[in-house]
Amino acid sequence: MSASDVFGRLDLLWRSLAREWERLAANLSSADPWWSLLLFLGASFLMVWRLGALERKGLEGTVLGTVIMPYASGFSNLMFAFILGRSGGNGILVLENCLVNNVTNLTLLIGLPAIFWGLAIFPDRPSAAVSAGVVRRTYRLNHLSLQLTLVAALFFTGVLWALARDGVLDYSDGLVMVGLFLFWQVFQIFDVLKNNVYRGRSLRWSMLGDIAMVTLGGVGVYHAIDALVAWIPRVGTGFVVFDNIGWLSGLLMVVPNALLAVYYAAIRRADIVYSSQVGDGHICIPMCIGLFALFGPIHIPAYFDLGVATIIAAGALHLFLIGFWKRLPRWVGVSLTAAYAYFL
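Residues numbered from 1 in each chain as written. Predicted model: local features only at pLDDT ≥ 70, side-chain atom pairs only at ≥ 80, totals over all residues. Heavy atoms only, no water.

Scanning all chains against the criterion turns up 2 cavities of 30 Å³ or more. As a volume, the largest cavity reaches approximately 70 Å³. As for the largest cavity, its lining consists of Asn-102, Asn-105, Leu-106, Ala-153, Thr-157, Gln-277, Val-278, Gly-281, His-282, Ile-285 and Ile-311. In terms of residue count, the dominant contributor to the lining of the largest cavity is helix α12 (residues 270-295) (5 residues). For the lining of the largest cavity, the class distribution of residues is 5 nonpolar, 6 polar and no charged. Looking at the second largest cavity, its volume works out to about 40 Å³. For the second largest cavity, the full set of lining residues is Leu-106, Leu-150, Ala-153, Leu-154, Thr-157, Ile-311 and Gly-315. At the level of secondary structure, the elements contributing two or more residues to the lining of the second largest cavity comprise α7 (132-163) and α13 (304-325). With 4 residues, α7 is the single largest residue contributor to the lining of the second largest cavity. Its residues assigned to classes, the lining of the second largest cavity comprises 5 nonpolar, 2 polar and no charged. (1 Å grid on protein atoms, 1.4 Å probe; cavity = no way out; pocket = protein on both sides within 12 Å on 5 of 7 lines; lining within 4 Å. Points joined across faces, edges and corners; volume = space filled by probe spheres on them. Helix = DSSP H or I, 4+ residues; strand = E, 2+ residues; numbered from the N terminus. Nonpolar A, V, L, I, M, F, W, Y, C, P; charged D, E, K, R; others polar.)

The structure is reproduced here in structure tokens:
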């Protein structure tokens, strides 16, 4: 059997699996909101699981948290923005979703792990399997990459604030924000390739299987969010109504982020805890907001400045502590968690 026949059969198998998964996801998500929640959590876990496996295949450390993990934890936010934009929804809901998501990332989901495990960029007792010099050099590189990631988050938030000064985000503003995000991703990809050349490694073919499973998870996330958006009542009283979907979606979509934060904090990888949460913020600001602005204008609400100020203040605090102290003390984690409670 020739190589072309093998690839042809693999392509047919992949297309068949994708169709079956899409059909199953559509049937489950249309049946009941609890099935949609279960599908969302299961598909998100699948994406986190397989993207995490890529760490052992040439994508490590802060690069993993900045380039790979945000697509596992932030894909749901991206699909939420796309679904609302495609259906002509209100852009304020997407703005609420992104602001709530970013504030949660920078306060609760970094503060709580710091309370239980502490977040030290340089471990107190590095592994004895390799020389101390190699370990320290690796952690110094991760430290510098993490600081760059935090600076990028502050820069993107500042650009959003500047573009919103006229009270609306239009198509041109959306092009700017999407373009900024794509440039940042290209920069990160070249950084991955540079590190692999430096370490004498190449990417593995088995990564294609992981990418295929991530794609299946993405299809499930898309259908689950589409069904949940359709299920939420357009009118009525209480908190679970369509007018509050920005807050509801923002709180729900931090679940994959929480899985990442708890897991990597427990294994003492503070650099990935930080970079995964900050990188997820890059998905929301500027990508999700910019994506919706390509479909329709977003009129800026009165609380926008407060949300932006909270994100910038939290980001600047993290940059200062990581830059000079190289850790997040437990008492700061308590303060960040309390600040999130006040924000809610």
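Glancing now at the packing of aromatic side chains. Counted by the stated rule, this structure contains 7 aromatic pairs. Centroid distance Phe-116 to Trp-117: 6.0 Å. Interplanar angle 55°. Geometry classified as tilted. Counting every residue linked through ring pairs, the aromatic cluster contains Phe-155, Phe-156, Trp-184 and Phe-187. (Phe/Tyr/Trp six-rings, centres within 6.5 Å; stacked < 30°, edge-to-face > 60°.)

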